[in-house]
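Structure at a glance
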Amino acid sequence: MADSSSMPPAIRSVCVYCGSSNTTKPAYLDLATRFGAELAARGMRLVYGGGAVGLMGRVAKATHEGGGEVLGIMPRFLERREITYQDVPHRMVDTMHERKHIMFEESDAFVVLPGGIGTLEEAVEMLSWKRLDLHRKPIIFLSEDGFWTPFFTLMQHTVDANLTPASFQDAVVDAKSIDECFAALGARARV
Ligand code: AMP
């Protein structure tokens, strides 16, 4: 029988970082919708930035409409720009730092969908904290068309220059499909 104390903790809450743009490729918006629906189907809670725009809005709507639990964290000064998704529980905060910290504390893993500078900033912070052994939560980049390949190339570039240990590449997953992403999370349905 497996020793449960040596098993990684079950993933209950997944923090999703993703773009806030409504005008990106339809395939990215569609990926966010399918990913949100899958979170709900697997009984996992979505933790995210709280907005109703772009991939953020799609993932939250799909999780909520699929019967899943959602927690949004919205800085007050962004309320108008990112349009708080009112149908799900959300916490209002004053700063980006508070938002990111709550998103970190409330989740067991991070999934990074296609996004811009904001998405990168959030994902790289979690990577850097992992590099400093401040957490051991899984970080998975998910895209179906190689969107994140240039980012992995950049990380390899830092490895090649002996600026990042080669072993760190193993700490980050480049998932090419939703199935691959959940396989990497070691996820099992609760129901
Ligand atoms: P983007 O990928 O640029 O569309 O941004 C995605 C999300 O990241 C948006 O909700 C932004 O508000 C958020 N974001 C941008 N910069 C930061 C930051 N420094 N800290 C936390 N969230 C951020």
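Details of the structure are given in the entry above.
Residues numbered from 1 in each chain as written. Predicted model: local features only at pLDDT ≥ 70, side-chain atom pairs only at ≥ 80, totals over all residues. Heavy atoms only, no water.

Turning our eyes to something else, we now look at the pairing of strand E2 (residues 45-48). Side chains of E2 alternate between two faces, with Arg 45 and Val 47 and Leu 46 and Tyr 48 buried alike. When strand E1 (residues 13-17) meets E2, the two strands line up parallel, connected through three bridges. By the bridge assignment, Cys 15 is partnered in E2 with Val 47. Remark: the E1/helix H1 (residues 26-41)/E2 crossover connection has right-handed handedness. Judged from the three bridges that link them, E2 and strand E3 (residues 70-75) form a sheet pairing that is parallel. Bridge pairing in E3 places Tyr 48 opposite Gly 72. What joins E2 to E3 is helix H2 (residues 54-65), and the crossover it makes is right-handed. (Buried < 20%, exposed > 50% of the residue type's maximum accessible area, 1.4 Å probe, protein only. Helix = DSSP H or I, 4+ residues; strand = E, 2+ residues; numbered from the N terminus. Pairing = 2+ DSSP bridges. Right-handed = clockwise from strand over helix to strand, strands pointing away.)

Reading across the sheet, the seven strands line up as E4-E3-E2-E1-E5-E6-E7 and stay open at both edges, with parallel pairing between neighbours. Each edge of the sheet is formed by a strand with only one pairing partner; in this case those strands are strand E4 (90-93) and strand E7 (172-175). When strand polarity is set aside, the average angle formed by the axes of neighbouring strands in this sheet is 20 degrees. Along the sheet, H1 makes contact with E1, E2, strand E5 (109-112) and strand E6 (139-142), crossing E1 at roughly 170 degrees. Sitting on the sheet, helix H7 (residues 178-185) is in contact with E1, E5, E6 and E7, with an inclination near 175 degrees to E6. (Axes fitted to C-alpha atoms, helices over the stretch in contact; angles between N-to-C directions. Contact = heavy atoms within 4.5 Å.)

It is worth spelling out the environment of Ser 128 at this point. Tracing the backbone shows Ser 128 in helix H5 (residues 117-131). Here the side chain of Ser 128 touches Glu 125 through a polar contact of 2.8 Å, landing on its backbone oxygen. (Polar contact = N/O pair within 3.5 Å; in protein donor to acceptor, adjacent residues only side chain to side chain.)

For the pair helix H4 (residues 96-105) and H5, the least separation of the axes is 12 Å and the interaxial angle reads 55 degrees. As the angle between them shows, H4 and H5 are arranged oblique. Between H4 and H5 the crossing geometry is right-handed. Here H4 contributes Arg 99, Lys 100, His 101, Met 103 and Phe 104 to the contact with H5, which in turn contributes Glu 121, Glu 122, Glu 125, Met 126 and Trp 129. When grouped by side-chain class, the residues that make up the contact of H4 with H5 number four nonpolar, one polar and five charged. (Parallel < 35°, antiparallel > 145°, perpendicular 65-115°, else oblique. Left-handed = near helix turned anticlockwise from the far one by under 90°. Nonpolar A, V, L, I, M, F, W, Y, C, P; charged D, E, K, R; others polar.)

So, on to the packing of aromatic side chains. Under the counting rule described, the total for this entry stands at eleven aromatic pairs. Pairing Tyr 28 with Phe 147 gives two aromatic rings, centres 5.4 Å apart and planes at 70 degrees, and the pair type is edge-to-face. Residue Tyr 28 is found in helix H1, and its partner Phe 147 is found in the loop between E6 and helix H6 (149-160); the two are separated by 119 residues along the sequence. Looking at Phe 147, the relative accessible area reads 28%, which means it is partly exposed. On the basis of an interplanar angle of 25 degrees and a centroid distance of 5.1 Å, the ring pair of Phe 141 and Phe 151 is categorised as stacked. Of this pair, Phe 141 sits in strand E6 while Phe 151 is found in helix H6, placing the two residues ten residues apart along the sequence. (Phe/Tyr/Trp six-rings, centres within 6.5 Å; stacked < 30°, edge-to-face > 60°.)

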